[in-house]
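# Report on the structure
If you want the building blocks of each chain, they are given just below.
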Amino acid sequence: KTGNPILAECVGGRWSAQEKYHGTLEAHEYAHMFQQQYHATGTGWMTEGSAKFFGWMLGVPQQDVSDARIDSLKRCIGKSRDTSLLRTAHQGATNQDELGVQYCLGGLATEYLVGRFGLAKFIEFTTHVQSSSDFDSNFSQTYGITTTDFYRDLQPYVNYYAWFW
């Protein structure tokens, strides 16, 4: 594909009418444009979850971020609260539980990563994903921990938010 990416689908599209916090969708799609610039597809949770996170953080006024996050988690997590499910959250999931893992657990995973290691580290990781198909190796090289340790460390954070849904 050549040329400049265009974001047209979600501005006034069928999805934005369903979103209580309309701006989250636009910010989500712009996050995908950033990922595509680096061919950073990674795993389902990295692709969709990081876009979900940036939708939460950039798509609504600051005072509404927590409400937007909780509203989203209530709608898409279901019973998918086990962070070990992130390991198998692949692109192209079709069932609701897998989508909940990719989007919402992935959003919380991204939030945790950015909070713990900083936005610059997350951007570094995103730009390195294209250079190797080994997600786990890229992850531990960038963050200094294995994905197994990350999923374990993430679980209490997810458990805290599980209280809300």
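See the structure above.
Reference entry: report on the structure contained in this document. Computed from a predicted model, the values in this text were never measured in an experiment.

So, how was this worked out
- Residues numbered from 1 in each chain as written.
- Predicted model: local features only at pLDDT ≥ 70, side-chain atom pairs only at ≥ 80, totals over all residues.
- Heavy atoms only, no water.
- Helix = DSSP H or I, 4+ residues; strand = E, 2+ residues; numbered from the N terminus.
- Buried < 20%, exposed > 50% of the residue type's maximum accessible area, 1.4 Å probe, protein only.
- Contact = heavy atoms within 4.5 Å.
- Areas by Shrake-Rupley, 256 points an atom, 1.4 Å probe, with all protein chains shown as cover.
- Phe/Tyr/Trp six-rings, centres within 6.5 Å; stacked < 30°, edge-to-face > 60°.
- Core = buried A, V, L, I, M, F, W, Y, C linked by side-chain atoms within 4.5 Å.
- Salt bridge = Lys/Arg side-chain N within 4 Å of Asp/Glu carboxyl O.
- Arc of directions from axis to C-beta.
- Polar contact = N/O pair within 3.5 Å; in protein donor to acceptor, adjacent residues only side chain to side chain.

In this section: the overall build of the chain. Within the chain one finds 7 helices and 0 strands. The secondary structure elements of the chain, listed N-terminal to C-terminal, are α-α-α-α-α-α-α. Taking all 165 residues of the chain together, 47% fall into the buried category. Taking as baseline every contact in the chain between residues at least 6 positions apart, the subset at least 24 positions apart corresponds to 63%. Looking at the chain as shown, the accessible area adds up to about 8800 Å², and 52% of this sits on carbon and sulfur atoms.

Turning our eyes to something else, we now look at the packing of aromatic side chains. Given two aromatic rings, their pairing is described by the distance between the two centres and the angle made by the two planes. Scanning the entire structure with this criterion turns up 15 aromatic pairs. Both rings, one in Tyr-112 and one in Tyr-157, keep their centres 5.5 Å apart while their planes meet at 55 degrees; by these two values the pair is tilted. With a gap of 45 residues between them, Tyr-112 in helix α4 (residues 96-117) and Tyr-157 in helix α7 (residues 147-162) connect regions that are remote in the sequence. On the accessibility criterion, Tyr-157 (24% relative accessible area) is partly exposed. Seen from their ring centres, Phe-125 and Phe-139 are 5.6 Å apart, and the 85 degrees between their planes marks the pair as edge-to-face. Remark: Phe-139 occurs in helix α6 (residues 135-143) and Phe-125 occurs in helix α5 (residues 119-129); sequence separation between them is 14 residues. Among the residues examined, Phe-139 registers a relative accessible area of 0% and is labelled buried. Connected via pairs of aromatic rings, a cluster forms that spans Trp-45, Tyr-112, Phe-117, Phe-125, Phe-135, Phe-139, Tyr-143, Phe-150, Tyr-151 and Tyr-157.

The next point concerns the nonpolar core. Counting residues in hydrophobic clusters, the biggest one holds 30 residues, and the most contacted among them are Trp-45, Leu-86, Phe-139 and Phe-150. Secondary structure elements with two or more residues in this core: α2 (44-58), α3 (65-76), α4, α5, α6 and α7. Per-element tally for this core: the top contributor is α4, with 8 residues. With near-sequence residues (within four places) excluded, Leu-86 lies in contact with Trp-45, Val-101, Leu-105, Gly-106, Ala-109, Tyr-151 and Leu-154.

Here the focus is the pattern of salt bridges. Across all of its chains, the model carries 4 salt bridges by this definition. The closest approach of N and O atoms between Arg-116 and Asp-153, which form a salt bridge, is 3.2 Å. Remark: Asp-153 occurs in helix α7 and Arg-116 occurs in helix α4; sequence separation between them is 37 residues. For Arg-116, a relative accessible area of 39% corresponds to the partly exposed category.

What follows concerns α5. Among all positions in α5, only Phe-122, Phe-125, Thr-126 and Val-129 are buried. For α5, the angular spread of the buried residues around the axis is 100 degrees, confining them to a single face.

A few words now on the side chain of Glu-111. Summarising the element assignment, Glu-111 is placed in helix α4. Setting aside residues up to four positions removed in sequence, Glu-111 forms contacts with Phe-53, Trp-56, Met-57, Arg-69, Tyr-157 and Tyr-161.

One can find Thr-110 in helix α4. Here Thr-110 falls in the buried class, since its relative accessible area comes to 0%. Taking C-alpha positions, Thr-110 is 9.9 Å from Thr-47, a pair spaced 63 residues apart along the chain. Residue contacts for Thr-110: discarding those within four places in its chain leaves Trp-45, Gly-49, Ser-50, Phe-53 and Phe-122. A distance of 3.4 Å separates the side chain of Thr-110 from the backbone nitrogen of Ser-50, its partner in a polar contact.

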